[in-house]
Amino acid sequence: MKENQDPLEQAVSNDYKYGFVTDIDTDTIAKGLNEDVIRLISHKKNEPEWMLEWRLKAYAYWLTMVEPEWANIKYPTIDYQDIIYYAAPKPKKQLNSLDEVDPELLSTFEKLGISLSEQKRLSGVAVDVVMDSVSIATSFKEQLAEIGVIFCSISEAIQLHPELVKKHLGSIVPMTDNYFAALNSAVFTDGSFCYIPKGVRCPMELSTYFRINTENAGQFERTLIVAEDESYVSYLEGCTAPMRDENQLHAAVVELIAMEKAEIKYSTVQNWYPGDKEGKGGIYNFVTKRGICKGDHSKISWTQVETGSAITWKYPSVILKGDYSIGEFYSVAFTNNHQQADTGTKMTHLGKNTRSRIVAKGISAGHSQNSYRGLVRASKQAINARNYSQCDSLLLGDKCGAHTFPYIEVKNKTAIVEHEATTSKIGEDQLFYCRQRGIDPEAAVALIVNGFAKEVMNQLPMEFAIEAQKLLTISMEGSVG
Amino acid sequence: MIDLTYLNDRFEHLQQVSADDGIAGVRKNSFDSFSKTGLPTYRTEDWKYTSIGNLFDQSFEQAGHTVSLADLEALRMPGHHKANELVFVNGRFDAALSNFLSTDDELIVLSLKDAAKGEYKDLVARYLNKSSEYMKDGVHALNGAFIEEGVFVHIHKGKTPQHPLYIYHILDGRAHPVMAQPRGLIYIDKNSRLQLTETYVTLGVSDSFCNGVLEVVVDQNAYVEYYKIQNDASNASQVSTTHITQIGRSYVHTVTVTLNGGVVRNNMNLVLDADGNETHLYGLYLLKGKTHADNHTMIDNRQPNCFSNQLYKGIADDFSTAVFNGKIMVQPDAQKTNSFQSNKNILLSDNATINTKPQLEIFADDVKCSHGCTVGQLDEEALFYLRARGIPKEKAEVLLLQAYAADVLTHIKPMAIRAYVEKLIYEHLSIV
């Protein structure tokens, strides 16, 4: 590499490697949002009446709301009438096995590096693929069904398990929760549903892959995971999108429910298209994720690696309601070029002896802005609540910004809450140490950054850890410092 | 609810009677800004945890007062016989009660009006209400809109006044509730020093509310110590804004001690607008009863090579609420900034609340910034250690809390003031 080229400039010059468009027939509806569109979506999905009513109620509520402005991000006003709210790959026939999936589509996923067939054979991961909001195929469904685990698209769940969906949908993130949750409730087109019955330890990692393919399409998926008493599930979610000049909207809602002694581990690797070097295009990622530790001794753990999206706005949260419940949040957010991220978590301690741990690592490069925003609240009843939060920011370049906004609210004299945050750049001494040992500057920076993020990476399941590390290195490439 | 018609009339009246006092423009801008923003609500981010809207219900007219020298005598701080004393009564600078030992060649004290017209008019024009660039809320604007009898202090170039400056804010609540909006501007010229202590006292039993703004400008090679002591009655509320701008490479050291009061809000703003500034901020709040104390600090690093350190410690007991919000901003030019912040809290009661929000906003890469905050309790083992040696539980707790407070108190440099505050704290902690 050239000696005097600014390493960060080089990092910036890396292109989005997942920016291809898959050329398959999609079934789209006209742009715009009104009651008829919602009826059409509901009709296309063959939904029961109660679901339509629920959507319309959410829509009516959404109309009364205003877009929130408090986040530390800037973007042009979104025209909600200029978005396609339904885009599905045209089904040739009902799919029963992977072999019937459009080969074009399969090769898309191969390019993404998550070849279904290979994963199916080698790693035993059950994958539910969502392209442009509609579930394509779900592998391993039968094996899972044998032990009582339900893993299917949410539309299927509405058809097949209406009582479960009806009971839990919107119970954690009500449609009135916030602007984007209300929008999602009105127009969500697909997503995953996962139900782990009492006492079952899900034998494989459940995985979903989201991809926005159609131009101007918004992706509004809805995920609902219910873990009954003494069950365990690990759920993975990955996201990519092709390169487009326009900004695309992604407003998802994820709800997790952990009953007594249940554990849910939710991991995300988010690599939506971040826009080009001038900040043109890219995904607006406005997501509401929340879990509740409903039963005693339950545990919810969020792990996220955020490298994509023009704007990331999400706060995976945990409501610690059961006594002795545990909430965890591990996050790496990498922003480059003109990306903006405002992300963090909320830990609400309600039960006795509840514990939470937050580890957030932010890395900013280029002209990007990276914010951590978190809330830890210990209520009056939360006797012996314990929280530890750590957020570290690394700055790679003098045009980017790193910000932290931690809120701590304690109303209980037995609670112990700790928070610490640091911001710095890569130490000259660390770089020197590496270079002295013959490691070229680029590799040294990647090494140091990976070390910086390791605490979080370690939390990811194996299959994802490798991908996440690769992603981070790709984003970092050329960052000699 | 604040009566806007009344406010408007009152403002028009003030603008008429003092149309050409040189600060009518500042008042006009402030009032316009207030008209636009209004008073903050809990939806205003900076006022999320502190509600003050109802404090403005009182009359803005404070004609005449009956505070006598004997009243002042009773509330003077230790060391006063060697200090320059500056007295505000009901928010107005009172030259008769004030007393200056330093000579005019060291420092000069003028009413803001006089300063705005005389020799210092350029300084006043340049620096008065600079704080509004940072304080965009209606509370600050209201102070600006009603500047009447403010004060201007100039410490001359190269001078080190032998006598420290004490500022007393006396609110006379003996007859009826009182509201005051004192305003001050202090300019500390090159190579000079100032030691400044500010305190608040309400006379009588009526409610009082003081919405004060003090702006301090620190020039090159100047050295400033600033102490704020708040131990007023529990029906006395304050919003106290101290806006310090370091325009030359200089040193600033501040300690804020909050013990008693109704709703107490402190805004401590530091603008580091020169290469190589050094700033230390310390704070201590020991809250009981229903006191609500809110400490907002803001450090804006605008130039390279600045250093700042913050340590705020607090104890919340009974039904009290403690709020801390520490904002550190590092602008793109402020490379090589070192900025540290620590906020520690002890919660002693289930009916008390602690809300803390450290905040970093960083736009430069070659910086070292960190913040930490904790909320916890007294160390069980330390308590056990003391009790095992025959010290009763209550006394052991007071001892530990005193030790906890000592971390901050050691930064009060004048011995007279430190001993005074230590005594106040001991009394405060010992009352069960």
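Residues numbered from 1 in each chain as written. Chains lettered and ligands numbered in written order. Predicted model: local features only at pLDDT ≥ 70, side-chain atom pairs only at ≥ 80, totals over all residues. Heavy atoms only, no water.

If you look chain B up in an unreviewed UniProt entry, it shows as Fe-S cluster assembly protein SufD from Pedobacter hiemivivus. Under the UniProt heading Sequence similarities (unreviewed entry), the note attached to chain B is "Belongs to the iron-sulfur cluster assembly SufBD family." (UniProt positions renumbered as here; feature names shortened; annotations may be inferred.)

With an unreviewed UniProt entry as reference, chain A is termed Fe-S cluster assembly protein SufB, source organism Pedobacter hiemivivus. Recorded in UniProt for chain A, the comment headed Sequence similarities (unreviewed entry) runs: "Belongs to the iron-sulfur cluster assembly SufBD family."

Let's shift gears to the side chain of Ser98(B). All names here are of chain B. Residue placement: Ser 98 occurs in the loop between strand S2 (92-93) and strand S3 (107-111). Of the polar contacts made by the side chain of Ser 98, one reaches the backbone nitrogen of Val 87; its length is 2.9 Å. A polar side-chain atom of Ser 98 sits 2.7 Å from the main-chain carbonyl oxygen of Asp 94. Apart from residues lying up to four places away in sequence, Ser 98 is in contact with Glu 85, Leu 86, Val 87 and Phe 93. (Helix = DSSP H or I, 4+ residues; strand = E, 2+ residues; numbered from the N terminus. Polar contact = N/O pair within 3.5 Å; in protein donor to acceptor, adjacent residues only side chain to side chain. Contact = heavy atoms within 4.5 Å.)

On to the interface of chain B and chain A, then. Taken residue by residue, the interface counts 35 residues in chain B and 31 residues in chain A. Across the chain B to chain A interface the summed buried area is about 2,700 Å²; carbon plus sulfur atoms make up 48%. Three residues, Asp350(B), Asp365(B) and Val375(B), lead the burial of chain B against chain A; their summed loss comes to 21% of the area buried on that side. Our count for the chain B to chain A interface comes out at 0 salt bridges. If you list the elements that add at least two residues to the side of chain B that touches chain A, you get strand S19 (353-362) and strand S20 (368-376) of chain B. Among the elements that make up the side of chain B that touches chain A, the one with the highest residue count is S19(B) (10 residues). Across the side of chain B that touches chain A, the residue classes tally to 14 nonpolar, 13 polar and 8 charged. Sheet analysis places strand S24 (residues 416-425) of chain A next to S20(B), joined by 7 bridges and oriented antiparallel. Residue pairing across strands places Thr423(A) opposite Cys369(B), the latter belonging to S20(B). (Buried area = accessible area lost by both parts, 1.4 Å probe. Salt bridge = Lys/Arg side-chain N within 4 Å of Asp/Glu carboxyl O. Nonpolar A, V, L, I, M, F, W, Y, C, P; charged D, E, K, R; others polar. Pairing = 2+ DSSP bridges.)

On to unusual backbone geometry. All names here are of chain A. Even without being glycine, His 297 reaches a positive phi, approximately 60 degrees. Structurally, His 297 can be placed in the loop between strand S13 (282-293) and strand S14 (299-306). Positioned with a positive phi, Ser 309 is a non-glycine residue whose angle comes to about 70 degrees. Here Ser 309 shows up in the loop between S14 and strand S15 (311-314). Owing to a relative accessible area of 1%, Ser 309 belongs among the buried residues under this scheme. (Buried < 20%, exposed > 50% of the residue type's maximum accessible area, 1.4 Å probe, protein only.)

All names here are of chain A. At a minimum axis distance of 7 Å, the contact between helix H3 (residues 49-63) and helix H9 (residues 179-187) shows a crossing angle of 145 degrees. The interaxial crossing formed by H3 with H9 has left-handed handedness. Mapping the contact onto sequence places Trp 54, Arg 55, Ala 58, Tyr 59 and Trp 62 in H3 and Tyr 179, Ala 182, Leu 183, Ser 185, Ala 186 and Val 187 in H9. Taken together, the residues that form the contact of H3 with H9 break down as 9 nonpolar, 1 polar and 1 charged. (Axes fitted to C-alpha atoms, helices over the stretch in contact; angles between N-to-C directions. Left-handed = near helix turned anticlockwise from the far one by under 90°.)

Our next topic: the pattern of salt bridges. Residues and elements named next belong to chain A. Scanning the model with the defined rule gives 35 salt bridges over all chains in all. Close ionic contact of Arg 290 with Asp 177 constitutes a salt bridge, the shortest N to O distance being 2.8 Å. Here the residue Arg 290 occupies a position in strand S13, and Asp 177 occupies one in the loop between helix H8 (162-168) and H9, the gap between them amounting to 113 residues. In this structure Arg 290 comes out as buried when scored by relative accessible area, which is 14%. In this structure, Lys 361 engages Glu 455 in a salt bridge whose closest nitrogen and oxygen atoms are separated by 3.6 Å. Here Lys 361 is found in strand S20 (residues 355-365), whereas its partner Glu 455 is found in helix H11 (residues 441-457), with 94 residues between them in sequence.

To continue, consider the environment of Leu249(A). All names here are of chain A. For Leu 249, the position within the fold is in strand S10 (residues 247-250). For Leu 249, a relative accessible area of 3% translates into the label buried. Residues Leu 249 and Ile 78, spaced 171 residues apart in sequence, show a C-alpha to C-alpha distance of 8.7 Å.

Let us now look at the confidence of the model for chain A. Residues and elements named next belong to chain A. Per-residue pLDDT for chain A has a mean of 80; in total, 78% of the residues score no lower than 70. Counted against residues more than four places away or in other chains, residues 1-13, with its pLDDT under 50, gives 30 contacts. The low-confidence segment residues 91-96, where pLDDT is below 50, has 6 contacts with residues more than four positions distant or belonging to other chains. (pLDDT = per-residue confidence, 0-100.)

Here we take up the packing of aromatic side chains. On inspection of all chains with the given rule, the structure shows 29 aromatic pairs over all chains. Centre to centre, the rings of Tyr284(A) and Phe286(A) are 6.0 Å apart; their planes meet at 20 degrees, and the pair counts as stacked. In this structure Phe286(A) comes out as buried when scored by relative accessible area, which is 1%. An angle of 45 degrees between the planes, with centres 6.3 Å apart, marks the rings of Phe31(B) and Phe34(B) as tilted. Of this pair, Phe31(B) and Phe34(B) both sit in helix H2 (residues 24-37), separated by 3 residues, roughly a single helical turn. (Phe/Tyr/Trp six-rings, centres within 6.5 Å; stacked < 30°, edge-to-face > 60°.)

Time to look at the nonpolar core. Of all hydrophobic cores here, the largest spans 90 residues; its most connected members are Leu206(A), Leu86(B), Ile186(B) and Ile188(B). Examining the composition of this core, we find that 4 residues originate from one element, strand S17 (residues 321-330) of chain B, more than from any other. Not counting the four nearest positions on each side in its chain, Ile188(B) is found in contact with Ile155(B), Leu194(B), Val216(B), Val217(B), Val218(B), Asp219(B), Ala222(B) and Val224(B). Of all hydrophobic cores here, the second largest spans 52 residues; its members include Ile73(A), Ile150(A), Ala182(A) and Tyr284(A). (Core = buried A, V, L, I, M, F, W, Y, C linked by side-chain atoms within 4.5 Å.)

What follows concerns helix H8 (residues 393-409) of chain B. Residues and elements named next belong to chain B. Compared with an ideal rise of 1.5 Å per residue, which puts 17 residues at 24 Å, H8 spans 24 Å between its outermost C-alpha atoms and is within 8% of the ideal. Within H8, burial applies to Ala 396, Val 398, Leu 400, Leu 401, Tyr 404, Ala 405, Val 408 and Leu 409. Along its buried surface, H8 packs onto strand S12 (251-260), strand S14 (278-287), strand S16 (307-316), strand S18 (338-347), helix H7 (380-388) and helix H9 (415-430). (Expected span 1.5 Å × (residues − 1).)

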